[in-house]
Amino acid sequence: MSSLLIVYHSRTGGSRQMAEAAYDAAKGETQAVLKEASQAGPEDVLAASGYIFCAPENLATVSGIMKDFFDRCYYPVLGQIEGRAYSQMICAGSDGQGAVRQIARIAQGWRLNEVQPAIILCTHAQTSEAILAPKVLSNDQLAPCRDLGQALGAGLSMGVF
């Protein structure tokens, strides 16, 4: 049976909401697992058929806890997950491209197959107060996340990926 692993990190709630939206949609299509990056490990990566990585962009890079997930998992799964489907979602205050490039390089090293370009949700948070404030995302903002979860779940379930 196919399964989708959604790994996320969130300090102010934006990425968590994005990951939960994707998870809620995916679980109607395939077995889906939602894990905080600090709780996910190599065994979770190996058990999944596909992945959504979701994190905030901090200082033009992926958040430290999400990077820690990749650091802990990279070598233990290297050579064992080639060709599996993935996509990513980034919650950013400005452009999000730095985090997207960083995750894409890691996924390329794992030889994962990007099945949809990254979703970048821009909050336009530019002051320290706005950056650190809890995020509340609208249904419209979360719609692409739900669409990604549903599509990746369905694709895994049907054997498309």
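Located above this text is the structure these notes cover.
Residues numbered from 1 in each chain as written. Predicted model: local features only at pLDDT ≥ 70, side-chain atom pairs only at ≥ 80, totals over all residues. Heavy atoms only, no water.

Asks: Would you take a moment to explain the overall build of the chain for this structure?
Replies: Helix and strand content of the chain: 6 helices and 7 strands. The N-to-C order of helical and strand elements in the chain reads β-α-β-α-β-β-α-β-α-β-β-α-α. Taking 15 Å as the expected radius of gyration for a compact globule of 161 residues, we find that the chain reaches 14 Å, a close match to that expectation. Overall, the chain is about 45 × 30 × 25 Å in size when its C-alpha atoms are taken along their principal axes. The contacts in the chain between residues at least 6 apart in sequence include a share of 83% that link residues at least 24 apart. As displayed, the chain offers around 7600 Å² of accessible surface, 50% of which is attributable to carbon and sulfur atoms. (Helix = DSSP H or I, 4+ residues; strand = E, 2+ residues; numbered from the N terminus. Rg over C-alpha atoms; globule rule 2.2 N^0.38 Å. Contact = heavy atoms within 4.5 Å. Areas by Shrake-Rupley, 256 points an atom, 1.4 Å probe, with all protein chains shown as cover.)

Asks: Just checking my understanding: could you explain helix 3 (residues 64-77) for this structure?
Replies: Quick reminder: α-helices carry 3.6 residues per turn. Residues three or four places apart thus point the same way. Taking 1.5 Å of rise per residue, 14 residues should cover 20 Å, and helix 3 covers 20 Å from first to last C-alpha, within 8% of that figure. Turning to helix 3, its buried residues number three or more, namely Met66, Phe69, Phe70, Cys73 and Val77. Down the axis of helix 3, the buried side of the element spans an arc of 95°, and every buried residue falls inside it. Opposite the buried face of helix 3, by more than 90 degrees, sit the exposed residues Gly64 and Tyr75. Next to the buried residues of helix 3 lie strand 1 (3-8), helix 2 (42-47), strand 3 (50-58), strand 4 (61-62) and helix 4 (97-110). One or two steps after helix 3, the chain reaches Gly79, where phi turns positive at roughly 85°. (Expected span 1.5 Å × (residues − 1). Buried < 20%, exposed > 50% of the residue type's maximum accessible area, 1.4 Å probe, protein only. Arc of directions from axis to C-beta.)

Asks: I'm lost on the environment of Gly159 in this one. Help?
Replies: Inspection of the secondary structure puts Gly159 in the segment after helix 6 (139-158). For the pair Gly159 and Arg101, spaced 58 residues apart in sequence, the C-alpha to C-alpha distance is 27 Å.

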